[in-house]
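Fold and geometry: a report
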Amino acid sequence: MQHLTLNNGVTMPALGFGVFQTPPDVTEQAVTSALETGYRLIDTAAAYANEREVGNAIRNSGLPREEVFIETKVWISDYGYDQTLHAFDKSAGKLGVETIDLFILHQALPSRFDLTTEAYRALEQLLADGKVRAIGVSNFMPDHLDALLKQVSVVPAVNQVEVHPYFTQPAVQAADASHGILTQAWSPIGGITSYRGTGTSTFEDPVITAIATAHGRTPAQVMLRWHLQQGRNAIPKSVRPQRIAENIDVFGFQLTPAELEALDNLDTGVRGGPEPEAITLETFGRDIPEA
């Protein structure tokens, strides 16, 4: 496994395992399979309602706590300084850990950016107190980053955003790079193009399938290799042991510069997830249960 060094010196695996939309009753087995296969970065979120099952799998794996990098996210309903401090207690309690390796804000919440800023200041306090090892954000656009950085002291270590060959967000990636922020790709193999798309999915794209055939690999492996070679972190998800194993088997081949460029050129500019500006407490607020 390759590792990436964050802007505060903390290292994290370059490839992780995600559990977005994984039901709680299958999460524990999926994470168990991932850990057995060799993943050491697990990404979850308070809003996924499966932190407890992630924690169970990690605890029952027999792996030393320091060998597993745990990342989770604060939901917008818990933004605000005191609320976000308590959000840590809820997440840590469900995960069954004292320290969270990477704790990030799930959305920018542009309509209440004052709450966003206070939430991030709580992350800074948690970092100073040693309760988290790194802090970051998710789904932040360049203007959100600029607004945040004018009001806080610690530059986010990570910005987790939708990135796959059909939606590469070059402006976001450039903004992240300019601040020393690692871009972490959610839906890194374009799974969202299968269940929300209206045309060809990334898995059926002729350019991607041709590159996969040339290397004797799958389209998913080609897309993950593309992320790794361009310095991004990626967190693919699956509940099938065969796919879980396939997605981590991406360290034995190299894409050529021409192949990387061909993948970059597939960008459609069409977002699969919700528009960041559409995230409001009124439409997306939900109570996050206590631990």
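Each value, and the rule that gives it
Residues numbered from 1 in each chain as written. Predicted model: local features only at pLDDT ≥ 70, side-chain atom pairs only at ≥ 80, totals over all residues. Heavy atoms only, no water. UniProt positions renumbered as here; feature names shortened; annotations may be inferred. Buried < 20%, exposed > 50% of the residue type's maximum accessible area, 1.4 Å probe, protein only. Helix = DSSP H or I, 4+ residues; strand = E, 2+ residues; numbered from the N terminus. Contact = heavy atoms within 4.5 Å. Salt bridge = Lys/Arg side-chain N within 4 Å of Asp/Glu carboxyl O. Phe/Tyr/Trp six-rings, centres within 6.5 Å; stacked < 30°, edge-to-face > 60°. Lys NZ or Arg CZ within 6 Å of the ring centre and 35° of its normal. Axes fitted to C-alpha atoms, helices over the stretch in contact; angles between N-to-C directions. Parallel < 35°, antiparallel > 145°, perpendicular 65-115°, else oblique. Nonpolar A, V, L, I, M, F, W, Y, C, P; charged D, E, K, R; others polar. Pairing = 2+ DSSP bridges. Expected span 1.5 Å × (residues − 1). Left-handed = near helix turned anticlockwise from the far one by under 90°.

- Looking at an unreviewed UniProt entry, one finds the protein named Aldo/keto reductase, with Streptacidiphilus cavernicola as its source organism.
- Under the heading Sequence similarities (unreviewed entry), UniProt records this for the protein: "Belongs to the aldo/keto reductase family."

Topic: helix α9 (residues 219-229)
- Taken across its eleven residues, α9 has ten buried, putting it largely inside the fold.
- The complete set of buried residues in α9 reads Pro 219, Ala 220, Gln 221, Val 222, Met 223, Leu 224, Arg 225, Trp 226, His 227 and Leu 228.
- In this structure, the buried side of α9 is in contact with β9 (182-186), α8 (206-215), β10 (233-234), α10 (241-248) and α11 (257-264).
- Downstream of α9 by a residue or two, Gly 231 has a phi angle that is positive, lying close to 85 degrees.

Considerations on the pattern of salt bridges
- All told, the structure shown has eight salt bridges when counted by the stated rule.
- Across the pair Lys 73 and Asp 43 runs a salt bridge whose closest N-O atoms are separated by 2.9 Å. Of this pair, Lys 73 sits in strand β5 (residues 69-74) while Asp 43 sits in strand β4 (residues 41-43), and the two are 30 residues apart along the sequence. Judged on exposure class, the residue Lys 73 and its partner Asp 43 are both buried.
- Two residues, Lys 90 and Asp 78, come together in a salt bridge whose shortest N-O distance is 3.0 Å. In this pair, Lys 90 sits in helix α3 (residues 81-95) while Asp 78 sits in the loop between β5 and α3, placing the two residues twelve residues apart along the sequence.
- Residues joined by salt bridges that share partners form a network here, namely Arg 65, Asp 101 and Arg 133.

Focus: the packing of aromatic side chains
- In the structure shown here, the tally under the stated rule is four aromatic pairs.
- Aromatic pair Phe 88 and Phe 103: ring centres 5.8 Å apart, planes at 85 degrees, arrangement edge-to-face. Of this pair, Phe 88 sits in helix α3 while Phe 103 sits in strand β6 (residues 100-105), placing them 15 residues apart in sequence. Accessibility assignment for this pair places Phe 88 and Phe 103 in one class, buried.
- Arg 232 extends its terminal NZ or CZ atom over the ring of Trp 226, reaching a point 4.4 Å from the ring centre.
- Over the face of the ring belonging to Trp 75 we find Arg 286, whose NZ or CZ atom lies 5.0 Å from the ring centre.

A look at unusual backbone geometry
- Its identity as a non-glycine residue notwithstanding, Leu 109 has a phi of 50 degrees, on the positive side.
- Checked against the element boundaries, Leu 109 lands in the loop between β6 and α4 (113-128).
- Even without a glycine there, the phi angle at Asn 139 is positive, about 60 degrees.
- When you line up the elements, Asn 139 lands in the loop between β7 (132-138) and α5 (142-149).

With respect to the packing of helix α2 (residues 51-60) against α3
- Remark: α2 packs on α3, axes separated minimally by 7 Å, with the N-to-C direction vectors making an angle of 45 degrees. With respect to α3, the element α2 is oriented oblique. Residues Glu 51, Arg 52, Val 54, Gly 55 and Arg 59 of α2 touch α3, and the partners they reach there are Ser 91, Lys 94 and Leu 95.
- Considered class by class, the residues forming the contact of α2 with α3 number two nonpolar, two polar and four charged.

What to know about the sheet that holds β9
- The sheet built from eight strands is open, its strands ordered β3-β4-β5-β6-β7-β8-β9-β10 with parallel pairing. Both edges of this open sheet fall to β3 (17-18) and β10, since each of them pairs with a single strand only.

Comments concerning the environment of Gln 107
- Along the chain, Gln 107 falls in the loop between β6 and α4.
- For the pair Gln 107 and Asn 139, spaced 32 residues apart in sequence, the C-alpha separation works out to 5.4 Å.
- Beyond its immediate stretch of four places on either side in the chain, Gln 107 contacts Trp 75, Ile 76, Tyr 79, Thr 116, Ser 138, Asn 139, Phe 140 and Ile 279.

Notes on α3
- The end-to-end C-alpha separation of α3 is 21 Å, in line with the 21 Å expected for 15 residues at 1.5 Å each.
- The complete set of buried residues in α3 reads Thr 84, Ala 87, Phe 88, Lys 90, Ser 91, Ala 92, Lys 94 and Leu 95.
- As for α3, its buried residues are in contact with α2, β5, β6, α4 and β7.
- Positive phi shows up at Gly 96, right after α3, with a value of about 75 degrees.

Observations concerning the packing of helix α1 (residues 24-37) against α2
- Orientation of α1 relative to α2, taken along the N-to-C sense of each, is 35 degrees, at an axis distance of 8 Å. By crossing handedness, the relation of α1 to α2 is classed as right-handed. Across from Pro 24, Thr 27, Glu 28, Val 31, Thr 32 and Leu 35 in α1, the residues of α2 making contact are Glu 53, Val 54, Asn 56, Ala 57, Ile 58 and Asn 60.
- Split by residue class, the contact of α1 with α2 holds six nonpolar, four polar and two charged.

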